[in-house]
Amino acid sequence: MADDLLLVKDGAETQRINTETSEDGVAIQIQTTRRFPDLLQSGILKYVKLGYRYLITHLLTLLLIPLMACMMLVVFCLRHDEIWQFWVHLPINLVIVLRCSAVLVFGRTVYVLSKRRRRPVFLVDYSCYKPSDEIVVPFTKFMKHSELSGIFDDQSLEFQKKILERSGLGQ
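Residues numbered from 1 in each chain as written. Predicted model: local features only at pLDDT ≥ 70, side-chain atom pairs only at ≥ 80, totals over all residues. Heavy atoms only, no water.

**Concerning the overall build of the protein**
For clarity, the cut-off: Here a helix means four or more residues in a row that DSSP labels H or I, a strand means two or more in a row labelled E, and each is numbered from the N terminus. Under the scheme applied here, a residue whose accessible area is under 20% of the maximum for its type counts as buried, over 50% as exposed, and between as partly exposed, the area being computed with a 1.4 Å probe on protein chains only. We call two residues contacting when some pair of their heavy atoms lies within 4.5 Å. Here the accessible surface of atoms and residues is derived via Shrake-Rupley with a 1.4 Å probe, and residues count as covered only by protein chains that are part of the display.
The helix and strand tally for the protein stands at 6 helices and 3 strands. Mapped in sequence order, the helices and strands of the protein form the string β-β-β-α-α-α-α-α-α. Across the 171 residues of the protein, 8% fall into the buried class. In the protein, the share of contacts with a sequence separation of at least 24, taken over all contacts with a separation of at least 6, comes to 23%. Roughly 16,300 Å² of accessible area belongs to the protein as shown, and the carbon and sulfur atoms make up 64% of that amount.

**Details of the pattern of salt bridges**
The cut-off we apply is this: A pairing counts as a salt bridge when a side-chain nitrogen of Lys or Arg comes within 4 Å of a carboxyl oxygen of Asp or Glu.
As enumerated under the stated definition, the model contains 2 salt bridges in all. For the salt bridge of arginine 79 with aspartate 81, the shortest nitrogen-to-oxygen distance reads 3.3 Å. Aspartate 81 sits in the partly exposed class, given a relative accessible area of 41%. When the shortest N-O distance is used, the salt bridge between glutamate 82 and arginine 79 registers 3.8 Å. On the basis of relative accessibility, which here comes to 32%, the residue glutamate 82 falls in the partly exposed class. A single salt-bridge network, built from bridges that share partners, covers Arg79, Asp81 and Glu82.

**A closer look at the packing of helix H2 (residues 59-77) against helix H4 (residues 94-115)**
The line we're drawing: Helix axes use the C-alpha atoms of the stretch in contact, all axes being lines fitted to C-alpha atoms, and the angles between their N-to-C directions lie in the range 0 to 180 degrees. When the near helix sits turned anticlockwise from the far one by under a right angle, the crossing is termed left-handed; a clockwise turn instead gives a right-handed crossing. Only Asp, Glu, Lys and Arg are considered charged, only Ala, Val, Leu, Ile, Met, Phe, Trp, Tyr, Cys and Pro nonpolar, and every remaining residue, Gly among them, polar.
In contact at an axis separation of 11 Å, H2 and H4 are set at 145 degrees when each is read in the N-to-C sense. For the pair H2 and H4, the sense of crossing is left-handed. Two secondary-structure elements touch here, H2 through Leu60, Thr61, Leu64 and Met71 and H4 through Leu104, Val110, Tyr111, Ser114 and Lys115. Residues of the contact of H2 with H4, tallied by class, amount to 6 nonpolar, 2 polar and 1 charged.

**Focus: a negative patch on the surface**
What counts, and what does not: Patch membership is restricted to residues that have no salt bridge and whose relative accessible area is over 30%. Joining uses 9 Å for like charges and 5 Å for the nonpolar side chains Val, Leu, Ile, Met, Phe, Trp and Tyr. When charges are tallied, Lys and Arg are placed among the positive residues and Asp and Glu among the negative ones, while His and the ends of the chain are skipped. To locate a charge, take atom NZ for lysine, CZ for arginine, CG for aspartate or CD for glutamate.
Negative charge collects at one region of the surface, where Glu147, Asp153, Asp154, Glu158 and Glu165 lie side by side. Considering every element that reaches the negative patch, the biggest residue donor is helix H6 (residues 154-166), with 3 residues. Looking at the secondary structure, you find glutamate 158 in helix H6.

**Examining the side chain of glutamine 160**
Tracing the backbone shows glutamine 160 in helix H6. Not counting residues up to four positions away in its chain, the partners in contact with glutamine 160 are Phe142, Met143, Ser146 and Phe152.

Rendered as structure tokens:
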């Protein structure tokens with residue numbers, strides 16, 4: 001006679017217990033099956049996403065700080081005579097110095113441009129001025145005066161007309 005019993009623990013582990021009765025006694029066999037946890041239902045995925053976003057956002061900084069620290073360590077370990085020899089042979093090493101300077105300027109530019117984030121702009125409130133009827137100018141009269149002023153060319157007048165049509169003032 002064989003009996004099966006299924007146990008579920010934490011949604012990630014399933015145990016099946018098989019019991020068999022034989023003439024000699026009872027034999028028990030336990031099989032454990034592991035499944036992957038459901039990360040979508042747990043709160044862990046939120047923190048994984050936050051950590052990934054933080055890593056990607058600050059990747060350049062995380063890579064440049066150790067590099068700059070190593071460079072500063074090498075520079076501070078130089079003796080005065082080594083710095084003087086570098087200065088004396090600077091015309092010979094000018095190409096190398098210019099290349100390194102260009103790389104540093106390029107890296108700094110990329111770093112500064114990557115740090116400039118677009119901040120969200122929120123519309124808090126808006127209001128429109130509703131003039132009285134005696135100071136309202138119809139669109140046709142405005143366009144006629146714009147043409148007669150002679151200040152605007154045809155392209156500017158077409159632009160003004162388009163803006164007036166799309167403004168939503170309803171005249």
